[in-house]
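Single-letter residue listing:
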Amino acid sequence: MKHSESGTQKVLKQLKKCKEIKEIKSTTKGYMIMGTNGEQYLAHMSARAFHPLRRWLKKNTSIKNLRY
């Protein structure tokens, strides 16, 4: 089993609770996040990827404070 940060698990838990996110698909290198507005985002779950993910979530969902 590969090492994964606890921050990744916290972010995924918040995304699963969000009503504006239609689907979260696991890919080889991360997760494809699909919003109900038709927008999608390919997230590579690393420490450097959280800021662009927060920016996308603020623009496309009701999540304003992403905790990790």
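Going by the structure above, here's the rest.
Residues numbered from 1 in each chain as written. Predicted model: local features only at pLDDT ≥ 70, side-chain atom pairs only at ≥ 80, totals over all residues. Heavy atoms only, no water.

Chemist: Pulling in residues and values, what's your account of helix 1 (residues 6-17)?
Modeler: Compared with an ideal rise of 1.5 Å per residue, which puts 12 residues at 16 Å, helix 1 spans 17 Å between its outermost C-alpha atoms and is within 8% of the ideal. For helix 1, the set of buried residues is G7, T8, V11, L12, Q14 and L15. Within helix 1, the buried residues cover an arc of 160 degrees as seen down the axis, which keeps them to one side. For helix 1, the exposed residues set more than 90 degrees away from the buried face come down to K13, K16 and K17. Among the structural elements, strand 1 (21-26), strand 2 (31-35) and helix 2 (50-60) are those in contact with the buried residues of helix 1. (Helix = DSSP H or I, 4+ residues; strand = E, 2+ residues; numbered from the N terminus. Expected span 1.5 Å × (residues − 1). Buried < 20%, exposed > 50% of the residue type's maximum accessible area, 1.4 Å probe, protein only. Arc of directions from axis to C-beta. Contact = heavy atoms within 4.5 Å.)

Chemist: Just give me the short version of the pairing of strand 3 (residues 40-43), but keep the residues and values in it.
Modeler: Only one face of strand 3 is covered, namely the face carrying Y41 and A43; the face carrying Q40 and L42 is uncovered. With 4 bridges connecting them, strand 2 and strand 3 associate as antiparallel partners. Of the residues in strand 3, the one forming a bridge with M32 is L42. Between strand 2 and the antiparallel strand that follows it, strand 3, lie 4 residues; G38 among them carries a positive phi value of about 95 degrees. (Pairing = 2+ DSSP bridges.)

Chemist: Could you give an account of the sheet that holds strand 2, naming the residues involved and the relevant values?
Modeler: Strand order in this open sheet of 3 strands is 1-2-3, and the pairing throughout is antiparallel. Edge positions in the sheet fall to strand 1 and strand 3, since each of these pairs with one other strand and no more. If you compare each strand with its neighbour and ignore which way they point, the axes differ by 15 degrees on average. The pairing of strand 1 with strand 2 spans 5 bridges and is antiparallel. Each residue of the ladder has a partner; that of I24, found in strand 2, is I33. Lying over the sheet, helix 2 contacts strand 1, strand 2 and strand 3, oriented at roughly 165 degrees with respect to strand 3. (Axes fitted to C-alpha atoms, helices over the stretch in contact; angles between N-to-C directions.)

Chemist: Mind laying out the nonpolar core, listing which residues take part and the relevant values?
Modeler: The biggest cluster of nonpolar side chains holds 15 residues, and the ones touching the most others in it are V11, L15, I33, M45, L53 and L57. For this core, the secondary structure elements donating two or more residues are helix 1, strand 3 and helix 2. Take this core: its biggest share by element is 4 residues, from helix 2. Sequence-distant contacts of V11, that is, excluding residues within four places in its chain, are made with M45, F50, L53, L66, R67 and Y68. (Core = buried A, V, L, I, M, F, W, Y, C linked by side-chain atoms within 4.5 Å.)

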